[in-house]
Amino acid sequence: VPTEEVLPNITTEIVKNMNYKRAEFATNFKNSSEARKNNIKTALKNFDGKVLLPGEILSFNKTTGYRTPENGYEKAKIIKNGMFIEEFGGGVCQVSSTIYNACLLSDLEIVESHSHSLPVSYVSPGFDAMVNIGSSDLQIKNTLECPIIFALLFFINLRFSFLNFDQFLFFI
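These numbers were taken from a predicted model, which means no experiment stands behind them.

Q: Lay out the overall build of the protein with the relevant residues and their values.
A: The helix and strand inventory of the protein stands at four helices and ten strands. Sequence-ordered secondary structure for the protein, helices as α and strands as β, is α-β-α-β-β-α-β-β-α-β-β-β-β-β. Put simply, the protein has 172 residues, and 43% of those count as buried. Within the protein, residue pairs in contact and separated by at least 24 positions form 69% of the contacts whose partners lie at least 6 positions apart. Of the roughly 9,500 Å² of accessible surface on the protein, 51% is carried by carbon and sulfur atoms.

Written as structure tokens, this is what we have:
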């Protein structure tokens with residue numbers, strides 16, 4: 001069987017060339033229910049190690065997948081028809097909103113975003129990014145001349161930092 005060597009787009013040498021932090025945004029989920037914390041962590045896992053090349057568009061919904069028990073999501077509060085109700089995936093909008101704000105601070109292009117029908121506690125009004133498969137997505141375009149790599153780190157705060165590198169940006 002013929003084989004083809006595939007080299008990585010991002011090398012150790014590139015990672016060693018960190019320069020400075022471009023932007024950072026954090027939200028707190030310390031007082032969330034255990035199910036909501038699980039959903040936040042489940043959504044975040046889909047971003048760890050994700051590479052967004054120049055000109056590419058990232059879809060939050062395509063990256064996180066359907067909010068089902070099979071994908072690790074639990075029932076937690078969501079906003080639907082102007083009311084708080086329990087549904088699978090409650091809490092993922094905090095992830096999309098945190099990413100949205102980090103992107104705003106980093107001057108990345110927001111292709112699509114939608115606000116909730118009610119205010120949320122983790123960001124100021126108008127700075128949330130509601131997501132729902134089939135109707136509302138957060139889409140980000142990498143308008144930079146270098147790739148973006150997503151890596152995650154969270155404890156009780158959900159934090160996305162944008163660090164500039166000589167050849168790419170890094171999300172933590």
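Picking up where we left off.
Q: Could you give an account of the nonpolar core, with specific residues and numbers?
A: In terms of nonpolar packing, the biggest core is built from 28 residues, with Phe47, Phe60, Val95, Ile99, Leu138 and Ile140 touching the most fellow members. Every element with two or more residues in this core is listed here: helix 2 (34-45), helix 4 (92-105) and strand 8 (148-150). The biggest single contributor to this core is helix 4, with six residues.

Q: Tell me about the pairing of strand 4 (residues 75-80), and please be specific about residues and values.
A: It is a general feature of regular strands that their side chains alternate between the two faces of the sheet. Here six bridges tie strand 4 to strand 5 (residues 83-88), and the two strands are oriented antiparallel to one another. When the sheet's bridge partners are listed, Lys80 is paired in strand 5 with Met83. Counted between consecutive antiparallel strands, the loop separating strand 4 from strand 5 contains two residues, among which Asn81 sits at a positive phi close to 55°.

Q: Can you tell me about the environment of Lys62, naming the residues and giving the values?
A: Position of Lys62 relative to the elements: it lies in helix 3 (residues 60-64). Measuring from C-alpha to C-alpha, the distance between Lys62 and Asn46 comes to 9.7 Å, with 16 residues separating the pair along the chain.

Definitions and cut-offs
Residues numbered from 1 in each chain as written. Predicted model: local features only at pLDDT ≥ 70, side-chain atom pairs only at ≥ 80, totals over all residues. Heavy atoms only, no water. Helix = DSSP H or I, 4+ residues; strand = E, 2+ residues; numbered from the N terminus. Buried < 20%, exposed > 50% of the residue type's maximum accessible area, 1.4 Å probe, protein only. Contact = heavy atoms within 4.5 Å. Areas by Shrake-Rupley, 256 points an atom, 1.4 Å probe, with all protein chains shown as cover. Core = buried A, V, L, I, M, F, W, Y, C linked by side-chain atoms within 4.5 Å. Pairing = 2+ DSSP bridges.

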